[in-house]
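Below are the chains, spelled out letter by letter.
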Number of protein chains: 2
Amino acid sequence: MALGIAMLTLAAAAATATAGGGTRPALMPWPSSIEMGSGELAVGPGFRIALAGNGGPLVERAAKRFEARLARQTGLVLPSPVAMAEKPTLEIRCDSPGKPLPYLGMDEGYTLSVTPAGATLQAAQPWGILRGMETFLQLVGTGSSTAFRVPAVVVKDRPRFPWRGLMLDSSRHFMPLETVKRTLDGMAAVKLNVFHWHLTDDQGFRVESRRYPELHRTGSDGFFYTQEQVKEVVAYAGDRGIRVYPEFDIPGHTTSWFVSHPELASMPGPYRIEREWGIMDPALDPSKEEVYRFLDGFLGEMAALFPDPFLHIGGDEVNGKHWDASERLVAFKKEKGFKDNHDLLGYFSQRVSKIVTGHGKRMMGWDEILHPSLPKDSVVHSWRGQESLGAAAKQGYQGILSNGYYIDLVWSADRHYGIDPWDKGVDQLPEADRARILGGEATMWSEFTTPEVVDSRIWPRTAAIAERLWSPREIKDQDDMYARLDETSRWLEWIGLDHRAGYTRMLERLAGRQHHDLRMLVDVVEPLEDYQRGATGHYTQQTPHNRLMDAARPESDTARGFARLVDALLADPSRRAGREAVRARLREWQGLDVQLRPLLERSAILREAVPLAAEASALAAAGLEALGFLEQGVPAPQSWWEQRSPLLQREKKPLTGLEVAYRPSIKRLMEAAVGR
Amino acid sequence: MALGIAMLTLAAAAATATAGGGTRPALMPWPSSIEMGSGELAVGPGFRIALAGNGGPLVERAAKRFEARLARQTGLVLPSPVAMAEKPTLEIRCDSPGKPLPYLGMDEGYTLSVTPAGATLQAAQPWGILRGMETFLQLVGTGSSTAFRVPAVVVKDRPRFPWRGLMLDSSRHFMPLETVKRTLDGMAAVKLNVFHWHLTDDQGFRVESRRYPELHRTGSDGFFYTQEQVKEVVAYAGDRGIRVYPEFDIPGHTTSWFVSHPELASMPGPYRIEREWGIMDPALDPSKEEVYRFLDGFLGEMAALFPDPFLHIGGDEVNGKHWDASERLVAFKKEKGFKDNHDLLGYFSQRVSKIVTGHGKRMMGWDEILHPSLPKDSVVHSWRGQESLGAAAKQGYQGILSNGYYIDLVWSADRHYGIDPWDKGVDQLPEADRARILGGEATMWSEFTTPEVVDSRIWPRTAAIAERLWSPREIKDQDDMYARLDETSRWLEWIGLDHRAGYTRMLERLAGRQHHDLRMLVDVVEPLEDYQRGATGHYTQQTPHNRLMDAARPESDTARGFARLVDALLADPSRRAGREAVRARLREWQGLDVQLRPLLERSAILREAVPLAAEASALAAAGLEALGFLEQGVPAPQSWWEQRSPLLQREKKPLTGLEVAYRPSIKRLMEAAVGR
């Protein structure tokens, strides 16, 4: 690990020196050890792979995909898919074919050695080969047309955590098969290894049940995955070293089940698919034996469909209203001696656990399932945080962390990046307890995420979380992370992800054409974080996702770059460095209001942004004034501060759901101007 | 048709008034009749389709795709795929399910009627419904977030020609299945109805033969379509109203066949897959009976695989060298009394024609097959031009035009658009002869086209050719075409085509990051037309396609826009209008050399563009000087002209294969300045 850090520093330095030159390895996740050599390997039309060792068909398929991706990424034409080349550019040596599907604890380690004469990728198992291939592809930089280049390097790499996942909520908004596959491609590219598929919720039942076909027929609006498609996804993911396990959220989050099966609910119904967002009242009735018979049937069918040994039963957010309102359940609790609904949930979880175990699976659930009666082989999935996870670990439960990795909250990448599963005292736990914390999962809840915007909500930020879970804990320099994330974001486009191209498309739809100034505005705004969006209007499952707030990226690279300029300006005692760069940007932004107003006022869909553009311009104007005071070297008068500082407060519930992302930088400039 | 023209004028006027406002229907191809109403239909989350009449499963599948595309294009969330809605937004009424697959002469007419209260799409056959759906989708413009809008309109539409095709060369560079499907989606969007699949050539044998598997095994580098994939493509295209027919180019263009079957060749071999471009010597030996037995076997297998009644046997570009060199063939020609190789080809075509006919197909071939012995039910595919086609028609042959529609020549859209199958005297032919000219095909030969760049080579220019073949002949205003093409180009991105996003990706690969000035340069250059590229270097099948010339679009919209500015400037007697706009552009371009030089010189792949950037800057500087003279109102001195005019000649073989596209505009400015 020491080596890893040393090289990171070197890489960061090189990044500054060669920005755009493409020789610095922009690896993400950063490997556990990397040693740069001298020289580079040419990758041109003569590129050949040789397979050695005994990697089996999984490695063979991976090599074919690898070559196609290399061709796509470089523009090379590589005519022979994979050959036992005599003089290979890349020799892939896998010791053993291993198991046909990925599993928890599989060996993902690999060694990649590149010299100007050739490269070797070695691993004990195909999983390591897959990870090393991604590393190789990330290393390929543009050289000449016929000689792309890979720097000479030795990478010895293995993950820190064995469970590095992404949860995709396909229930609240259905995500088509292509979206799922594209997401899996992206996951594999950043070495994630678990796809947690949230398949049922109040707003949609998204998997075909052959045993109870009325579930998906009445609960999905026709948007569900067939069992063939599920198998296709499992195979597709497996080929990429990604486990797939499903979540069927019970006993709450079950409204869509009750459209066809009101008899399983705590209250009589009738029910229809839920269109609103929030924590709903409907829940399974834990007192009914037929509920367990039904779950045995359904979960048994699903247990056979999904080969992974884990099965997630949710268990979260039962608000208890229907349980309290049911006379039957009140009596049941009394009869059983349960003191509250938590006990009732514990009873339910225990019963379900037996069903899940009976079908050969290990049960997972959110924090709420933690109860003294929870069997010890259950796995706790924590949305609450490291303390909760640590407490469970001390009680002997394995667990994974999602608190801090909720990518639907549109936080900045560095905020997620700064959160470690070992924070908040977990690193003080005895090794045996701490080892029960298996890793984490980014969670892509989809209240505000449709297939059109999901790529920009997952990528590139999830790459930062992937690094947190793969790389040594000490790798945490945020500027370096962002430098690599920027390159990774572009690189992910070669995989077919749409987070950059989709942005352009959506902006052109909004403006009716390419519009430089609209892009300039949206480049410097960010959607409100957390669940503040919900406060800006009434959103349901049918609300269109075509507004500026949907086009805007979770994080403004431009505003972050501007903040760095302001840093430099304020750090320099003479305050000259970069002043003109800051001024140039502010002048552009100052003009936004005037330049955009005709477009915004003419357009029904953009009109809401009139105040946003005005605010962006006013902030830039205030920043320019601050810059003027700084330049003159006299403190700004207090009256100026009093007049301008209200600008620093954003509206509580902006209609657009957007915030000017350079506001904090303006604040710093203004504070410096008044000498604070 | 008179109505169509009247409305076109109106539309063009509206385009000027509402540029970017999105209410003008940017239909492409322009319908045969369109009448604008007043008001508009709202398309929001409550959008519903109802299927009436008897369209059958093809229309049902189309309606599902339609709704998914509408959702994608608008950002709406449309929860119910297709329902027999009580209050539909769009009623689709198809009289009859027709035949399961599209066919030559199918009825593609439809009537689309939109009022503020709802829309009706009516057609006799599913083919018309498919075309009308595309029209509806093109009409959908951005309104508010929840109310996209379709203008009230009545469109009565039918195609001018029954054969409107695109040929894709999957042989010289293999095109993956996804590329083929995406291309079919684009074709359907602009109402093309024939996919001509060029599957074999010297450089690759791209279809699985079960009867002669060594053909694809040894002739394809492993890149071929399985028969299952062919069936998938036929079904996919059929669902979109597109016929699919294959071309197996014989007796020349057959090197890849001879890798496994040298015994079929005119010279002994051995052969390997051809990697070079050009007209090659190898050809089948027309004197050998085993050649016809083999063709009977192979073409029989293919005739069964492709349901369309047409089968293309190429027949072009036999250079005769191997035929002349073969003693056997010299003797054969003498024995048969053939006076030259054209007679030998005629004999071959006649024999093959019997085989093709024997398998229930009609034979197609390029002009070369035209010979007195050619059976009258053959169809001539003309790369030579309308005269050739007209001559064939007079002899009783049906034919289609591709001369003028070679999109691989990277001409401008208006140049293709200006070419009509009835030009060059065809419109003077008797109606019966003229009716034999069935339409045309754009041809995408792939010497310089890989899967990465193929979208930008086909789109959006092919939409202009599609309009030529669909719309009334009188629709030919180029400015109006370009205005609509621009919107169509953006609209095609919603279908998943990559011609715009891929450009950005390639530029970022070249620069290693987003680079404003590089984009500014590439925005104003165009690849050399025709086959001039071949003269700029040595190109083979393995030459990478990752250079500036591959990223550059066939046509510079920016340079065309600039030419319009120069038009306006020179047309105004006072010469003031737009002068500042011209100056602003020229100033930006003048700076390209200085701004780009550091990037270009540092990069092995971009270095070749140093002279190009210098040339672009020098031209802009000369344009600025010309502008200065024009502004002063004094003619520029002759010495200035003599000094600057060499700039107006471009290098004969520029290394970059690129040309500064605003050079002609600079020429006009300079000529005006010296008073020419």
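Analysis parameters
- Residues numbered from 1 in each chain as written.
- Chains lettered and ligands numbered in written order.
- Predicted model: local features only at pLDDT ≥ 70, side-chain atom pairs only at ≥ 80, totals over all residues.
- Heavy atoms only, no water.
- Pairing = 2+ DSSP bridges.
- Helix = DSSP H or I, 4+ residues; strand = E, 2+ residues; numbered from the N terminus.
- Axes fitted to C-alpha atoms, helices over the stretch in contact; angles between N-to-C directions.
- Core = buried A, V, L, I, M, F, W, Y, C linked by side-chain atoms within 4.5 Å.
- Buried < 20%, exposed > 50% of the residue type's maximum accessible area, 1.4 Å probe, protein only.
- Contact = heavy atoms within 4.5 Å.
- Parallel < 35°, antiparallel > 145°, perpendicular 65-115°, else oblique.
- Nonpolar A, V, L, I, M, F, W, Y, C, P; charged D, E, K, R; others polar.
- Phe/Tyr/Trp six-rings, centres within 6.5 Å; stacked < 30°, edge-to-face > 60°.
- Lys NZ or Arg CZ within 6 Å of the ring centre and 35° of its normal.
- Expected span 1.5 Å × (residues − 1).

A. Seen up close, the sheet that holds strand β1 (residues 33-43) of chain A. Residue and element names in this part refer to chain A. Across the sheet, 6 strands lie side by side as β1-β6-β4-β5-β3-β2; this open sheet has mixed pairing. What marks the edges here is a single partner per strand, and that holds for β1 and β2 (49-53). Each adjacent strand pair in this sheet contributes to an overall mean axis angle of 20°, direction not counted. Bridge count for strand β3 (residues 90-94) against strand β5 (residues 118-123) is 5 bridges, and the pairing is parallel. Pairing of Arg-93 across the sheet is with Gln-122, part of β5.

B. Structural view of the nonpolar core. In terms of nonpolar packing, the biggest core is built from 205 residues, with Leu-518, Tyr-662 and Leu-669 of chain A together with Phe-136 and Phe-298 of chain B touching the most fellow members. In this structure, Phe-136 of chain B is in contact with Leu-41, Val-43, Phe-47, Phe-66, Leu-90, Leu-112, Val-114, Ala-119 and Val-150 of chain B, ignoring residues within four places of it in sequence. Counting residues in each nonpolar core, the second largest holds 203 residues, with Val-150, Val-153 and Phe-205 of chain A together with Leu-624 of chain B among its members.

C. Main features of the environment of Val-330 of chain B. Residues and elements named next belong to chain B. Here Val-330 lies in helix α10 (residues 327-336). It is 9.9 Å that separates the C-alpha atoms of Val-330 and Ser-287, two residues lying 43 residues apart in sequence. Contacts of Val-330, omitting those with residues within four sequence positions, involve Trp-323 and Asp-324.

D. Representation of the packing of helix α2 (residues 56-74) of chain A against helix α3 (residues 126-139) of chain A within the structure. All names here are of chain A. Relative to each other, α2 and α3 sit at 10°, their axes nearing to 10 Å. With respect to α3, the axis of α2 lies roughly parallel. Contacts from Leu-58, Val-59, Ala-62, Ala-63, Arg-65, Phe-66, Arg-69, Leu-70 and Gln-73 in α2 reach Pro-126, Trp-127, Ile-129, Leu-130, Met-133, Glu-134, Phe-136 and Leu-137 in α3. Here the contact of α2 with α3 is composed, by residue class, of 13 nonpolar, 1 polar and 3 charged.

E. The sheet that holds strand β3 (residues 90-94) of chain B, seen in detail. All names here are of chain B. An order of β1-β6-β4-β5-β3-β2 is seen for the 6 strands of this open sheet, with the pairing classed as mixed. One side of each edge strand has no neighbouring strand; the edge strands of this open sheet are β1 (33-43) and β2 (49-53). Taken pair by pair, the neighbouring strands of this sheet meet at an average axis angle of 20°, ignoring direction. With 5 bridges connecting them, β2 and β3 associate as parallel partners. If you follow Gly-53 over to β3, its bridge partner there is Cys-94. In the packing of helix α2 (residues 56-74) onto the sheet, contacts are made with β1, β2, β3 and β6 (148-157), and the angle to β2 comes to roughly 155°.

F. Region of the structure containing the packing of aromatic side chains. Under the definition given, this model contains 58 aromatic pairs over all chains. Pairing Trp-163 of chain A with Phe-310 of chain A gives two aromatic rings, centres 5.0 Å apart and planes at 80°, and the pair type is edge-to-face. Of this pair, Trp-163 of chain A sits in strand β7 (residues 163-169) while Phe-310 of chain A sits in strand β11 (residues 310-314); the two residues are 147 residues apart in sequence, bridging distant segments of the chain. With relative accessibility at 3%, the residue Phe-310 of chain A sits in the buried group. Lying over the aromatic face of Trp-411 of chain A, Arg-415 of chain A brings its terminal NZ or CZ to 3.5 Å of the ring centre. Just above the ring of Tyr-103 of chain B sits the side chain of Lys-99 of chain B; from NZ or CZ to the centre is 4.3 Å.

G. Looking closely at helix α21 (residues 557-571) of chain B. All names here are of chain B. Its 15 residues give α21 an end-to-end C-alpha distance of 21 Å, which sits within 8% of 21 Å, the value for a rise of 1.5 Å per residue. Within α21, burial applies to Ala-559, Arg-560, Phe-562, Ala-563, Val-566 and Leu-569. On its buried face, α21 is in contact with α17 (478-494), α22 (579-590), α24 (610-632) and α26 (663-673).

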